[in-house]
Structure formats: C-alpha cells, structure tokens
Amino acid sequence: MNYCDIYNKSITSSEEFWKDQANQLEWYNQPSNILSTDTNGYPLWFADGQLNACYLSVDKHIQDGYGEQVAIIYDSPVTQTVKKYTFNEVKTEVAKLAGGLLSLGLEKGDTAVIYMPMIPQAAFAMLACARIGVTHSVVFGGFAPHELAIRIDDCEPKAIITASSGIEIDRLIAYKPLVDEAIELANHKPEKVVVFNRKLGARVPFKKYDVDYEALVYGSEETPCIPVNATHPLYILYTSGTTGKPKGIVRDTGGYTTALKFSMQHIYDAKEGDVFWAASDVGWVVGHSYIVYGPLINRNTTVLFEGKPIRTPDASTFWRVIAEHKINVMFTAPTAIRAIKKEDPNGEFIKQYDLSSLRIQFLAGERCDVATLEWYREHVPIPAIDHWWQTESGWPMIANMMGVEYLPIKPGSAGKAVTGYDIRIFGENGQELGPNEEGYVVIKLPLPPGTLLDLWKDNERFKAGYLNKFPGYYFSGDGGFKDEDDYIFITGRVDDVINVAGHRLSTAEMEEIVASHHSVAECAVIGINDELKGQIPLALVVAKSGDTVEKFQLQHEVVQLVREKIGAVAALRDVVVVQRLPKTRSGKILRKMMRSIADGENFQVPSTIDDEAIIDEIREVLEEAKIGSFK
Ligand code: COA
Ligand code: AMP
C-alpha cells in the first residue's frame, strides 16, 4: 500500500481501519464496539475490549517463545554500566514488583506517581502498575518538589515509587529528600514511598512511609496481569499548559496500545526483534511511547540511556551506543544533534564508529531547523525524519510514514498527516485556509486511537483548551501551514508554551513564580530563540518602586526562585530589570513584540501601544545584557 491509499482509508473507513489494527494485538476480550462516544460526546475507541498493556509488552513475547530475547538494554555512561534484561527477566522483576504493590494495598483504579531517573527500575515500575491496573503518573526527575507536589495533589497517588538518586553529568541528585519535601508541601499524603536505593552515596532520609524496593520485590510473589477495559487510564502524564497548573493528560489502554503497535511498524519501520532507541526520558511522552510501551509491544529491544548527547563523556556517546548495541532505528530531539554538532562540527567522532546497523533517524520534540537536518544528512547518510506530535497525541500526527512509503523530504516540514489524523489549517474564525496560508493547526474529530482521553478530573479545562475554540476539531496549540502538496510546516506554538531543549515549559507558569518575588512589581517571561536549545526563557522584571534591592541581587534571586519552584530544567538564566514593560493603552503586555525585539526580527509596532519610546528602552537593556540577537 502506498501512503495515499492507506491515509485515505484511515479517514474514510476509520472504524474498519482501526479494527484491523486492533486485531494485531492480543485481547482478553476482542472489541466489537470500535468507535463510540462518552457521556460528553467525545470519541472512545474499542470501549468493550479488555486487555493489559504489561501483558502485551512482556508476557506475550514469552508465550510466543521469545523469553530469552533482550527486552531492555540499560546503557549508563554516567555510572559506566551496560546491563541487559531479557523478557523473562523483565517479567520476573515486574510481576514480583506488581505483587509487592498489591501487598502494599494498591489496586486497580488507584494511582501511583513514579519519580525516577533513567534506570530500568523506572520502566519496571511503569509496567508493574500497568500489570495490576494501577494508573501511573511519571514525573520528570528534573522537576523540583513544588512541581511534584502539584502533581501529587492532582492525581492523589496511593504510593510514590522513586530512587535514591539521579546523576546529572557529574553531579549526584538525591531524589529522596525531594520526594519528602514534595509530600510535605502537598495536601494529599501518599501512604507509601517505595525507594530503589542505587547505593551511589546519596542521602536517603528514612520516613515512616518508606518501603525498600529491593526488599519488596524479593519478598513478593509474581502476580499475573489483570484484564482492564480498553478505556482504563494506563497513565496520566502532566504537561505544561498556559497557566501555572500543568495539565494531566489521560491516556487509555486499548487505543494507545493499538496506535503504538501500528506506529512502530508503519511510521518507524521497526521490525519485530529490531533494536530501537529513543534517546529521551521516561518523564516525557516520548519515553512512555517509545522507550517503554511502543518498542516492547512490538517486541523490539529498547535502550534506556542514562546520559546526555555531550559531556557523558563527550560528543561521541550517541555513536558509541548505536555501534555497540547495533541500533536499527533511533529517535532524538534536534537539540541533541545541535549539541553534538557544536562540539564536533566536522563529525570526527562519527567516523570512528560502525553505524551500519542504523537505518533511520527520527527527530521530534521541537521544530527541526534545516541546518541541523542537513548537517546530520551530510555526516550520517541515512533518512533523517522530522515528525510532529505532542504529549496529548501520544504518537506522531505528522510524519514520513517510513513503514508505508518513504516520501521525498522537504526540509522544514515534518511531512504529511499520519493515518487517522485529518489535519486542517484554520484562520481565527474557523475558516479553512488555503495552501501556504499560515494559521492554527487543528484536527477533525474523532482523533484516532491512542490520543488523549481527557484531562485528569478536569473535563471543563479539556473542553476549553482543546475542543471549544473550533467545534468539531481538536486545537493543537501550534501554528503552521500546508503547501500545495499537503506537506505541513509547523511554525511554533500560538500560546504561552515554549520548548527548551525539547522540554515543554510554560512561560505563564514561570511568570507567576517570578511575580511572587517580594521585590517584583510586575514581569513578563517570554521564549526567545536559542542556537542550542531552540528556545530559552527570558524574564523582564520591573522592581517595586522604593525597593532598594540591587539589580544583580534581584536577577540572581529570580533565577534561584524559578530553579527552586520548577527545577533546573526550566533553564531560566536571562533576567533583565527594566523600568517598565511595553503595553497597549488598555494595559495588555506586548509579549510578542518583546520576543521580536529580542530575536532581532522585523515587527509592526502595534497601533494600540501606550508609548513607542519603550521599544528603544527594551532594546538598550537587551543590548547591554547581550541577550538574544544582541549576543
Ligand atoms: N534531573 C535533575 N536535573 C536535571 C534533569 C534531571 N533528570 N534533567 C536536566 N536537569 C538539569 C540539568 O542538570 C541542568 O541543570 P544546570 O542548569 O544546573 O546545569 C538543567 O536541568 C537544564 O538541563 P538540560 O536541558 O538537559 O540542559 P543541558 O545544558 O544540561 O544540556 C542538551 C543540553 C541539549 C545536551 C540537553 O538538553 C539534551 O540532551 N536535550 C535533549 C532533550 C531530549 O531528549 N528531550 C526529550 C524530548 S524528545
Ligand atoms: P510535548 O508535548 O512536550 O511533546 O511538546 C509538543 C510540542 O512540541 C508541540 O505542540 C510542538 O509545538 C513542538 N513539537 C514537537 N515536535 C515538533 C516538530 N517535529 N516540529 C515542530 N514542533 C514540534
């Protein structure tokens, strides 16, 4: 089948199409009700089916005779460890951990938070929860206790599963004190904290709610997989929205596992038995879909990498991992390639490794700039495929579907709409725009299987954020255009969300935190272009009149405050103190204009601006601080 045929079939006969895909999985109860709606009229896939995501990821392969195939390769340059786990080994560990969680009182319908570094136990914890129908919520390890507490209060976990420490290049990060602090801050108190002690020397304060991970696994019986409904929430994954409160994306089980199996083969062109590596983190959606569930469901060997593209120990790491583990298909963020390119512009390290196993390189998480794509193609002559998706979608929405047909690449475009996604470009009033006209990227409902089911306990926000703007369509929050050949070009977010080194962050949330500083009268946080990270935040603050705080002191304290509340991952380093912020006559802060000033772009001065003189004031401050295009 070629791309056009399969795509058209997925749109015109979507139920038949997805029924065929669901048949690729093993169900306890094969679904007969393929597409229905919930009480709010939102589409549901496979509502009467029953299955288990852990069974599909692990047990099934053992039953099919692949128990001795390596399921997970843990490669950790920061601890100089490489460890391989077969499906048999994963099953024993996961089934015992699941038994242990049951013994702690967790049961189907409960939630558990997982706050872990990139170690195999993070994947084991996810699979153990799935095995017994406990909905997991993995929180990225770079988030501070305050962020963890927000998530604890929202999803009310019965338990938290954590590890003693993570390692950031050369720095040990003690996780347990962060978890304890988050529990202190939260109103909801989890009953148990299961701690995997890595014995790397981190401080592990003992609390009454603690349970030792290894003792729990050792002392528990293996427990079988529990069938759950297709619509049972496999996980909640929090992502940044346009307010200080992150959004709890709810993922079903049946639609998701169907979509993942389909995407592994039809988008990523991964054959069963292949080695697949997504160099991301289990705290992000990429980690859920393409480190853990997708490759395992497709019976691939998946690589769990605890390191960075550079400095662990150098820019050769990615190539070493590819050569050593004979990676067939890889996924990373363009920012990682930019980091490598900066350290090794001529690709000297690349020449030292045998990369012949690698067939395709996928890139996502942010727009892939043409220079990065071209550098990659020059040094690694295989298809480098940009593709577009979000936490909300759970799997790609725009891509070159490499398992279907390798279409010509147009640099700057993530390709064409993926099967099941009827993508349109709308203007402000909901009118569909023509070729090359930039507007809002929207998708006609129903979204295909695997996409978000709801926001956790907040259906109103779900509707307000995604469905109400253009009735009958899902609003992605991204802008873009389609060319005359239906290639889609994503131009960036149209809201307060920014992408910093492939990490999705909210400037609105940072703004709330900066504004809470006692010396700040008002402030704005905007995302500006950055050569390495794609975007970085910039805070412009106005000090309270009469406040005697030194400018440098205020800048330092604002940076520290954001690190303390959100975490180092927020990467707020640039703070400038200004006399006032540019505003319209009605008092609206002109953030877009400030972004253009910082990025050195041409812009039209809004006719509603309060006082044009401020443009030069802002320029001068940025110039003096050597920020953005004034570097
Ligand atoms: N736990 C604790 N801290 C973390 C962390 C974690 N899991 N992840 C990041 N941090 C910290 C870092 O140590 C750093 O702290 P610092 O400001 O004290 O140095 C800060 O958060 C920013 O980290 P990061 O964004 O990783 O920046 P970096 O400068 O250390 O590295 C890159 C830059 C480009 C190499 C790195 O961001 C990278 O590998 N990006 C790829 C991202 C990716 O794969 N994203 C997934 C989407 S597909
Ligand atoms: P996240 O939910 O963290 O995966 O971030 C999703 C957002 O990242 C999208 O809404 C886009 O703004 C951006 N994004 C992801 N992949 C791409 C891509 N290939 N091209 C452009 N933007 C992307």
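Residues numbered from 1 in each chain as written. Chains lettered and ligands numbered in written order. Predicted model: local features only at pLDDT ≥ 70, side-chain atom pairs only at ≥ 80, totals over all residues. Heavy atoms only, no water.

**Regarding the site of ligand 2**
Looking at ligand 2, there are 15 residues lining it, with Asp386, His387, Thr391, Arg493 and Arg504 nearest. Here a nitrogen atom of ligand 2 and a backbone polar atom of histidine 387 are 2.7 Å apart. Contact distances for ligand 2 include 2.5 Å between an oxygen atom and a side-chain N or O atom of threonine 391. Burial of ligand 2 by the protein chains amounts to 93% of its free accessible area of 490 Å². A class-by-class count of the residues in the shell around ligand 2 yields four nonpolar, five polar and six charged. (Near = heavy atom within 4 Å. Polar contact = N/O pair within 3.5 Å; in protein donor to acceptor, adjacent residues only side chain to side chain. Areas by Shrake-Rupley, 256 points an atom, 1.4 Å probe, with all protein chains shown as cover. Nonpolar A, V, L, I, M, F, W, Y, C, P; charged D, E, K, R; others polar.)

**Topic: the site of ligand 1**
Not every one of the 22 residues close to ligand 1 is listed here, only the nearest: Glu168, Arg171, Lys308, Arg563 and Arg573. The contact in question runs from a nitrogen atom of ligand 1 to an N or O atom on the backbone of glycine 142, over 3.5 Å. Arginine 171 is positioned with one of its side-chain polar atoms (N or O) 2.6 Å from an oxygen atom of ligand 1. Bound to the protein, ligand 1 loses 86% of the 940 Å² it would expose on its own. The residue inventory of the shell around ligand 1, partitioned by class, reads ten nonpolar, six polar and six charged. Residues from two domains meet in the shell around ligand 1; each of domain 1 (3–307 + 387–463) and domain 2 (500–630) gives at least three. (Domains from an automatic or database assignment.)

**Let's talk about the UniProt feature "domain: AMP-binding enzyme C-terminal" (unreviewed entry) in the protein**
What UniProt calls "domain: AMP-binding enzyme C-terminal" (unreviewed entry) maps, in this numbering, to residues 509–588. The annotated region residues 509–588 carries 28% helix and 31% strand content, and the separation between its end C-alpha atoms amounts to 18 Å. (UniProt positions renumbered as here; feature names shortened; annotations may be inferred. Helix = DSSP H or I, 4+ residues; strand = E, 2+ residues; numbered from the N terminus.)

**Details of the packing of aromatic side chains**
Within this structure, the stated rule accounts for 39 aromatic pairs. Geometrically, the ring pair formed by phenylalanine 276 and tyrosine 290 is tilted, given 6.4 Å between the ring centres and 50 degrees between the ring planes. With phenylalanine 276 in strand E16 (residues 275–278) and tyrosine 290 in helix H10 (residues 285–297), the pair connects residues that are 14 residues apart, well separated along the chain. Here phenylalanine 276 falls in the buried class, since its relative accessible area comes to 0%. With a relative accessible area of 0%, tyrosine 290 lands in the buried category. Measuring from centroid to centroid gives 6.1 Å for phenylalanine 331 and tryptophan 389, while their planes differ by 75 degrees, and the two rings are edge-to-face. (Phe/Tyr/Trp six-rings, centres within 6.5 Å; stacked < 30°, edge-to-face > 60°. Buried < 20%, exposed > 50% of the residue type's maximum accessible area, 1.4 Å probe, protein only.)

**A word on the UniProt feature "domain: Acetyl-coenzyme A synthetase N-terminal" (unreviewed entry) in the protein**
Here the UniProt feature "domain: Acetyl-coenzyme A synthetase N-terminal" (unreviewed entry) sits at residues 3–55. Note that residues 3–55 is 42% helix and 15% strand, and that its end C-alpha atoms are spaced 31 Å apart.

**Regarding the sheet that holds strand E23 (residues 423–426)**
Ordered by their spatial adjacency, four strands build an open sheet running E23-E24-E26-E27, and the pairing between neighbours is antiparallel. Whereas interior strands pair on both sides, the edge strands pair on one side only; in this sheet they are E23 and strand E27 (488–493). The mean inter-strand angle of the sheet, taken between neighbouring strand axes irrespective of direction, is 50 degrees. In this sheet, strand E26 (residues 473–482) lies alongside strand E24 (residues 439–444) in antiparallel orientation, the contact comprising five bridges. Within E26, the residue paired with valine 442 across the bridge is phenylalanine 475. (Pairing = 2+ DSSP bridges. Axes fitted to C-alpha atoms, helices over the stretch in contact; angles between N-to-C directions.)

**Observations concerning the side chain of histidine 61**
Considering the arrangement of structural elements, one finds histidine 61 in helix H3 (residues 53–63). You can call histidine 61 buried: its relative accessible area is 4%. A polar contact of 2.6 Å, which involves the side chain of histidine 61, links it to the backbone oxygen of leucine 296.

**What to know about the layout of surface pockets**
Empty space among the atoms becomes visible once a probe the size of a water molecule is rolled across them. Counted as a void, the second largest pocket has a volume near 230 Å³. Tyr74, Lys83, Tyr85, Gln121 and Phe196 are, among the 13 residues lining the second largest pocket, the residues nearest its centre. Counting residues per element, the ones that place at least two in the lining of the second largest pocket are strand E5 (81–86) and helix H5 (120–131). Here the lining of the second largest pocket is built from residues that sort into seven nonpolar, three polar and three charged. (1 Å grid on protein atoms, 1.4 Å probe; cavity = no way out; pocket = protein on both sides within 12 Å on 5 of 7 lines; lining within 4 Å. Points joined across faces, edges and corners; volume = space filled by probe spheres on them.)

**Considerations on the side chain of aspartate 574**
Its location among the elements puts aspartate 574 in strand E32 (residues 574–577). Look at aspartate 574: it is buried, it has no salt bridge, and the nearest opposite charge is lysine 631 at 5.5 Å. With near-sequence residues (within four places) excluded, aspartate 574 lies in contact with Ile536, Pro537, Leu538, Ala539 and Ile627. (Lys, Arg positive; Asp, Glu negative; His and termini not counted. Salt bridge = Lys/Arg side-chain N within 4 Å of Asp/Glu carboxyl O. Contact = heavy atoms within 4.5 Å.)

**Details of unusual backbone geometry**
The residue after threonine 312, namely proline 313, is reached through a cis peptide bond having omega 0 degrees. Looking at the element boundaries, proline 313 is found in the loop between strand E17 (301–305) and helix H11 (317–325). Note the cis peptide between leucine 445 and proline 446, where omega equals 0 degrees. With respect to the helices, strands and loops of the structure, proline 446 is situated in the loop between E24 and strand E25 (454–455). Unlike most non-glycine residues, arginine 311 shows phi in positive territory, near 65 degrees. With respect to the secondary-structure elements, arginine 311 resides in the loop between E17 and H11.

**Observations regarding the sheet that holds E5**
Spatial ordering of the open sheet is given by E5-E4-E17-E16-E18-E19-E20, a layout of seven strands whose pairing is mixed. Strand pairing shows two members of the sheet lacking a second neighbour, E5 and strand E20 (384–386), which therefore form its edges. The mean inter-strand angle of the sheet, taken between neighbouring strand axes irrespective of direction, is 20 degrees. Sheet analysis places strand E4 (residues 70–76) next to E5, joined by six bridges and oriented antiparallel. Following the sheet pairing, aspartate 75 is matched in E5 by valine 82.

**A closer look at the pairing of strand E14 (residues 235–239)**
Of all five residues making up E14, five are buried, and the element is well covered by its neighbours. On E14, burial covers both faces: Tyr235, Leu237 and Thr239 on one face and Ile236 and Tyr238 on the other are all buried. Sheet topology places E14 next to strand E15 (residues 247–251); five bridges connect them, and they run antiparallel. Bridge pairing in E15 links tyrosine 235 to arginine 251.

**Details of the environment of leucine 260**
With respect to the helices and strands, leucine 260 occurs in helix H9 (residues 254–266). Leucine 260 gets classed as buried once you look at its relative accessible area, which sits at 0%. Along the sequence, leucine 260 and proline 383 sit 123 residues apart, while their C-alpha atoms lie 21 Å from each other. Not counting residues within four places of it along the chain, the set of residues in contact with leucine 260 comprises Ser289, Tyr290, Tyr293, Gly294, Gly394 and Trp395.

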